[in-house]
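# Examination of the molecular architecture
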Amino acid sequence: MKPPRTDSFKTQFYEDVVAGLRASTKHLDAKYFYDAEGDKLFQQIMNCKEYYLTNCEMEIFTHQTKAIADVVISGGQPFDLIELGAGDATKSIHLLKNLLAQKADFTYLPIDISGHVIAMLNATLPVTLPGLKIQGLQGEYFQMLKKAATLSNHRKVVLFMGANIGNMPVKDAQAFCEELRYHLNPGDMVLIGFDLKKNPETILAAYNDSQGITKAFNLNLLTRINRELGADFNVDQFHHYATYDPETGACKSYLVSLKQQDIHLPDTEVIRFDKDEYIWMEISQKYTREQIAGFAKRSGFRSVTDFSDSKDWFVDTVWVA
Ligand code: AVI
């Protein structure tokens, strides 16, 4: 198998796509949703009426800011506040503001895979929040956590918000918590956002919105594969199907082939789809509080407290290493 391009991201993208489409159950990695168009569509998802997650976590960060800040400070100062996948920091900015108002001694270290995001945060946050000490780190989460440990020996407080942990299957989420613990020292703290199990109709609607934005978000990955890897998907020949299983808490998205069809990618044999064959695109796992407590315990963390919204649909849980 020869990748069509030489740079390492493209090579990895190509290899992941070919391996996923050649697997007995076809699948693609949801991390590739986020090209420029995918970023725009995700913004629209977060603003659409059915997608409750963003509003719930925003309510937590705006209505319980002082309580969150007090817990964060309670472990001692100075500390490094590290945010994994910081994005535009629209929720964490409320916490940062409160910490500054309380004159807490901390440095904010946003970590993001996107250099553009880090440059934007480094440039804009010190203007919006005078006095903020910030050092953005561009790269993979755990590599950058390692780097953060070399920059200071201050206590670490790690934020991993937005229910991003839900985009990992349960086993991978457990492994992620264990790896997170491995990179921290006793006394370090984490705050992780989990979407809770709730009425199945509410969850399904969030991933099957009436305007078809989530459908476009999924189909956009096929368009990206066409553009960047030279494939020939006809997006009109795939149907978006979202499903939620209230027993397991797994919310999954699929693209279902509307007919038997062949897809071509450079330097690999034709990929055949039967009619009704599907590609598994994404998991957005929902949890109970007991499951979340189990993650903490099995990973060597102690649960300290949690913050939930007024509907009790979403929780930001705080653990200490
Ligand atoms: C980024 N992540 C937490 C979103 C979620 O809810 O799983 C991605 C998403 N996929 C479809 N809608 C939103």
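Rules behind the numbers
Residues numbered from 1 in each chain as written. Predicted model: local features only at pLDDT ≥ 70, side-chain atom pairs only at ≥ 80, totals over all residues. Heavy atoms only, no water. Near = heavy atom within 4 Å. Polar contact = N/O pair within 3.5 Å; in protein donor to acceptor, adjacent residues only side chain to side chain. Areas by Shrake-Rupley, 256 points an atom, 1.4 Å probe, with all protein chains shown as cover. Helix = DSSP H or I, 4+ residues; strand = E, 2+ residues; numbered from the N terminus. Buried < 20%, exposed > 50% of the residue type's maximum accessible area, 1.4 Å probe, protein only. Contact = heavy atoms within 4.5 Å. Pairing = 2+ DSSP bridges.

As annotated in an unreviewed UniProt entry, the protein chain is L-histidine N(Alpha)-methyltransferase from Mucilaginibacter boryungensis.

Of all residues adjacent to the ligand, which total 14 residues, the nearest are Tyr 51, Asn 167, Tyr 207, Glu 282 and Ser 284. Tyr 51 places a polar side-chain atom, nitrogen or oxygen, 2.5 Å from an oxygen atom of the ligand. For the ligand, an oxygen atom lies 2.5 Å from a polar atom in the side chain of Tyr 207. When the free accessible area of the ligand is taken as 340 Å², the share hidden by the protein chains comes to 98%.

As a further point, take the environment of Leu 184. Tracing the chain through its elements places Leu 184 in the loop between α8 (170–182) and β5 (189–195). A residue is classified by how much of its surface remains accessible, and Leu 184, at 5% relative accessible area, is buried. Measuring from C-alpha to C-alpha, the distance between Leu 184 and Lys 146 comes to 9.2 Å, with 38 residues separating the pair along the chain. Setting aside anything within four residues of it in sequence, one finds Leu 184 in contact with Lys 156, Val 158, Val 190, Phe 301 and Ala 321.

Glancing now at the sheet that holds strand β3 (residues 137–138). On the basis of which strands lie adjacent, the open sheet formed by 7 strands has the order β3-β2-β1-β4-β5-β12-β11 and mixed pairing. Strands with a single pairing partner mark the edges of an open sheet, and in this sheet they are β3 and β11 (302–308). Relative to strand β4 (residues 155–160), strand β1 (residues 79–84) is paired through 5 bridges, and the arrangement is parallel. Pairing of Glu 83 across the sheet is with Leu 159, part of β4.

Within the secondary structure, Phe 61 is located in helix α3 (residues 53–63). Considered as a pair, Phe 61 and Gln 291 are 230 residues apart in the sequence and their alpha carbons are 23 Å apart. In contact with Phe 61, other than residues within four places in its own chain, are Ile 68, Lys 91, Ser 92, His 94, Leu 95, Met 161, Leu 191 and Asp 316.

Here Thr 107 shows up in strand β2 (residues 106–112). Look at Thr 107 and you get buried, because its relative accessible area is 17%. Along the sequence, Thr 107 and Leu 132 sit 25 residues apart, while their C-alpha atoms lie 7.3 Å from each other. The contact partners of Thr 107, leaving out residues within four places of it in the chain, are Phe 79, Asp 80, Leu 81, Lys 133, Ile 134 and Gln 135.

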